[in-house]
Amino acid sequence: MSRISRFRLLVALLVVAIALAPLALGNFSVSLLNDIGIGTLVALGLVLLTGVGGATSFGQAAFVGIAAYSTAWLTTAQGLSPWLGLAFALLLTGLSALAIGMLTLRLGGHFLPLSTIAWGISIAMLFGNVDGLGRHTGLSNIPPLSIGSFSLADARAMYYLIWLIVGLAFLFSYNLLASRPGRAIRSLRGGSILLASVGADAYKVRLALFVLAAIFAGLAGWLYAHMNRFVSPAPFDVRASIEYLLMAVAGGLGQLAGAVVGAALVLVAKNALQDVLPLLTQRAGQLEAITFAALFILLLHFARGGLMGFLRRITKGRFQAPQSADKLGAPATPLPHRELPRRGTPILSVQGAVKRFGGLVAVNDVSFEVNAGEIIGLIGPNGAGKSTMFNLLTCTLPMTSGQVRFLERDIAGMPQREVARLGLARTFQHVKLRPHMSLLDNVALGAHSRTHSGMLKAGLRLDREEERQILHEAMKQLERIGLADRAHELAGSLPLGTQRILEIARALAADPVLLVLDEPAAGLRRKEKMALGELLRKLREEGVTILIVEHDMDFVMKLVDRLVVMNFGSKLVEGVPAAVRADERVQAAYLGSVA
Ligand code: ADP
Ligand code: MG
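Please read all numbers here as calculations on a predicted model, not as lab measurements.

(A) Representation of the overall build of the protein chain. What the protein chain contains, in helices and strands, is 23 helices and 14 strands. When its C-alpha atoms are laid out on the principal axes, the protein chain stretches across 90 × 55 × 45 Å. Counting the 595 residues in the protein chain, one finds 54% classified as buried. Put simply, of all contacts in the protein chain between residues at least 6 apart along the chain, 76% involve residues at least 24 apart. About 26300 Å² of surface is accessible on the protein chain, with carbon and sulfur atoms providing 62% of the total. Across the protein chain, the mean location of the 57 positive side-chain charges is 4 Å away from that of the 40 negative side-chain charges.

(B) Broad picture of the side chain of S197. Relative to the assigned elements, S197 resides in helix α8 (residues 192-197). Looking at S197, the relative accessible area reads 9%, which means it is buried. The contacts of S197, once residues within four sequence positions are left out, are Q416, A420, R426 and F428.

(C) Region of interest: the coordination of the magnesium ion (ligand 2). Those donors, S387 (OG) and Q429 (OE1), are the protein atoms that reach the magnesium ion (ligand 2), and they lie 2.1 Å from it. A residue pair is termed long-range when its members are at least 10 positions apart, and S387 in helix α14 (residues 386-393) and Q429 in the loop between β10 (424-426) and α16 (439-445) qualify at 42 residues. The exposure class of S387 is partly exposed, given its relative accessible area of 22%.

(D) Highlighting the pattern of salt bridges. All told, the structure shown has 21 salt bridges when counted by the stated rule. The residue D441 makes a salt bridge to R186 at a minimum N-O spacing of 3.1 Å. Note that D441 is positioned in helix α16 and R186 in helix α7 (residues 180-186), a separation of 255 residues in sequence. Neither residue differs from the other here; D441 and R186 are each classed as buried. With its nearest N and O atoms 3.2 Å apart, the salt bridge here joins E473 to R450. Placement of the pair is E473 in helix α18 (residues 464-480) and R450 in the loop between α16 and α17 (455-459), with a sequence separation of 23 residues. Like E473, the residue R450 is buried in the burial classification. By sharing partners, the salt bridges in this structure join R183, R186, D441 and E467 into a single network.

(E) Representation of helix α19 (residues 496-508) in the model. With 13 residues, α19 should cover 18 Å at 1.5 Å per step; its first-to-last C-alpha distance of 19 Å lies within 8% of that length. The buried count for α19 comes to 12 of 13 residues, which makes it a mostly enclosed element. By the burial criterion, the buried members of α19 are G497, T498, Q499, R500, I501, L502, E503, I504, A505, R506, A507 and L508. Where α19 is buried, its residues meet α8, β10, α16, α18, β11 (514-518) and α20 (526-541).

(F) Representation of the pairing of strand β8 (residues 401-406). One ladder, built from five bridges, connects strand β5 (residues 346-357) with β8; its direction is antiparallel. By the bridge assignment for β8, V354 is matched with S401. Here β8 runs beside strand β9 (residues 409-410); their pairing, made up of two bridges, is antiparallel. Bridging across to β9, F406 finds its partner in R409. With antiparallel pairing between neighbouring strands as the criterion, β8 and β9 make up a hairpin whose turn holds two residues, including L407 at a positive phi of roughly 50°.

(G) Looking closely at the site of ligand 1. Around ligand 1 sit F357, L360, A362, N382, G383, A384, G385, K386, S387 and T388, and those are all the residues in its vicinity. Out of a free accessible area of 560 Å², ligand 1 has 59% covered by protein chains. At the level of elements, β6 (360-371) and α14 are the ones that each hand at least two residues to the shell around ligand 1. Top element by residues in the shell around ligand 1 is α14. It accounts for three residues. Across the shell around ligand 1, the residue classes tally to four nonpolar, five polar and one charged.

(H) Looking closely at the sheet that holds β5. Read across the sheet, four strands follow the order β6-β5-β8-β9 without closing on themselves; strand pairing throughout is antiparallel. Each edge of the sheet is formed by a strand with only one pairing partner; in this case those strands are β6 and β9. Relative to β5, α14 is tilted by about 120°, and along the sheet it contacts β5, β6 and β8.

(I) Structural context of the domain arrangement of the protein chain. Here the protein chain is partitioned into domain 1 (3-237) and domain 2 (346-438 + 512-591). Computed over C-alpha atoms, the centres of domain 1 and domain 2 are 47 Å apart. With 13 residues of domain 1 at the contact, the number on the domain 2 side is 10 residues. With both chains or domains summed, domain 1 and domain 2 bury close to 1100 Å², and 59% of this area falls on carbon and sulfur atoms. Contact with domain 2 buries area across many residues of domain 1, yet I193, S197 and G199 alone supply 40% of it, more than any other trio. On inspection of domain 1 and its partner domain 2, the count reaches one salt bridge. Taking the shortest distance from any N to any O, the salt bridge between D201 and R417 comes out at 3.5 Å. At the junction of domain 1 and domain 2, the tally comes to three residue pairs in polar contact (both at pLDDT 80 or more). When contributions to the side of domain 1 that touches domain 2 are tallied by element, the ones reaching two or more residues are α7 and α8. With four residues, the single largest contributor to the side of domain 1 that touches domain 2 is α8. A breakdown of the residues in the side of domain 1 that touches domain 2 according to their chemical character gives four nonpolar, four polar and five charged.

Definitions and limits used
Residues numbered from 1 in each chain as written. Chains lettered and ligands numbered in written order. Predicted model: local features only at pLDDT ≥ 70, side-chain atom pairs only at ≥ 80, totals over all residues. Heavy atoms only, no water. Helix = DSSP H or I, 4+ residues; strand = E, 2+ residues; numbered from the N terminus. Buried < 20%, exposed > 50% of the residue type's maximum accessible area, 1.4 Å probe, protein only. Contact = heavy atoms within 4.5 Å. Areas by Shrake-Rupley, 256 points an atom, 1.4 Å probe, with all protein chains shown as cover. Lys, Arg positive; Asp, Glu negative; His and termini not counted. Charge placed at Lys NZ, Arg CZ, Asp CG, Glu CD. Donors = N, O, S within 2.8 Å, 3.2 Å for Na, K, Ca; no water. Salt bridge = Lys/Arg side-chain N within 4 Å of Asp/Glu carboxyl O. Expected span 1.5 Å × (residues − 1). Pairing = 2+ DSSP bridges. Near = heavy atom within 4 Å. Nonpolar A, V, L, I, M, F, W, Y, C, P; charged D, E, K, R; others polar. Axes fitted to C-alpha atoms, helices over the stretch in contact; angles between N-to-C directions. Domains from an automatic or database assignment. Buried area = accessible area lost by both parts, 1.4 Å probe. Polar contact = N/O pair within 3.5 Å; in protein donor to acceptor, adjacent residues only side chain to side chain.

Following this line, the structure appears as structure tokens:
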């Protein structure tokens, strides 16, 4: 059986098992399963946010609380329908997440998790101190849900609603990950420079993901309020947040299924502890907290991948979900191409570029021009400032002074992603690929700025035609660099030299006017270098302009139309390869240094 059909069979079996479970189980087990379903929703948001997106939240229970309190207040104090409560709860949760996200998501490093603890505590405190929300006693007499005249007051009826919503949330998340916004989300861990280089805004991607995770928590909160018919501050405090995070970690942050596995693990363990601990001590509550803390530490030490990671290892990835929908077929129309400037027209002009790093002048008053359809080589000994020059003209780094014009526009000081959107695509000297994404997905990320589908469209699978276009384009670029037959392998499995070539395919997927390559031939064997040279010449014929840093002199000399030589941050010489090779100053600069 193929991997995909095995995966489908497993999912179908799960669905049947979930549908039949209440028939075989007692009331206690059914309400435990209800709690597990609710926990799963929150944990699923955390798997996406923390596991996939790399942003840790210690405050997720606060979003559950905002939703639970919103619907509780609307249905008790205002006497409105719980279904209006749902809309109100999700709206308030989404808006709170948006506000909190805008305040905190730009914080780097440890500040983000720390800030989540802060707002987690404040929101839980708020619930306990507002008169309208019942202070510490909370709100009771929340009406049960009903569909028409059919009441869902019974735990078994709630069970089906909860698990239906869990199922839909999984479907949404699964669709999302294999889509345009999903690829951006999966690239967040690669850093904002990687995303900006394909024209995406890492902050916005992270913000949208943060709101989505909060909406999942909000759904959980709404279900919680109408299932328990009573809300009080305690279940939404930081301790609860940590429990949700523990679910996600225990199940396995790397996989969606980790959410349900983790929720089950933690809640079953908690139940067992609550039975056993009172027999051992009178302070069972404290001991429970300590036990969970110890469990957390053990997990982080010995089982980072959680239970799912462990299962995956023993099944050798046989039940792994496919990466990207590759059986989509050809699109009705391929992605449109931009019109390339006429050969010979100036497209890039650098004037008096200067970059200082403290006292070091890495680029010192460098000027040069690039015309459409040329291949220009930028060479110079190690540390000459070539990579820095690339970072300046792609706006990856701000310039200390100077001017850069690209396609008649002054781009100095422009955000990198906007420059990328204008048609300036680059690769990196230190490869920036997502090792756990397939070759196809890595290249498809390059087409980000040419396409539009957002998270909602992707989650609901309304993006299929565009997705076909993107994958078709990505496949075309993979064929171009000769890696089409390995499209579904993970990028991390390629040798470093080949990874550089893959970066070129990603850059090409952006349909660039100017391609900026930082040492693309490093680590390639002779034959591979020749193939790369062929590819670059072919691109030039097609009208793509190329700016290249390369150490291999033979390779560059045969390839380029013109060379700019840098030394100690300054421009030394500029000219055709033969003249540069003969120049005494160049020979002196290279004497004793490896070219
Ligand atoms: P090349 O690519 O030509 O080998 P680079 O542009 O990487 O050279 O580096 C030029 C000089 O600038 C080097 O001396 C390097 O140490 C310094 N440099 C580069 N990036 C930074 C940075 N972010 N901070 C401080 N110094 C840097
Ligand atoms: Mg360099």
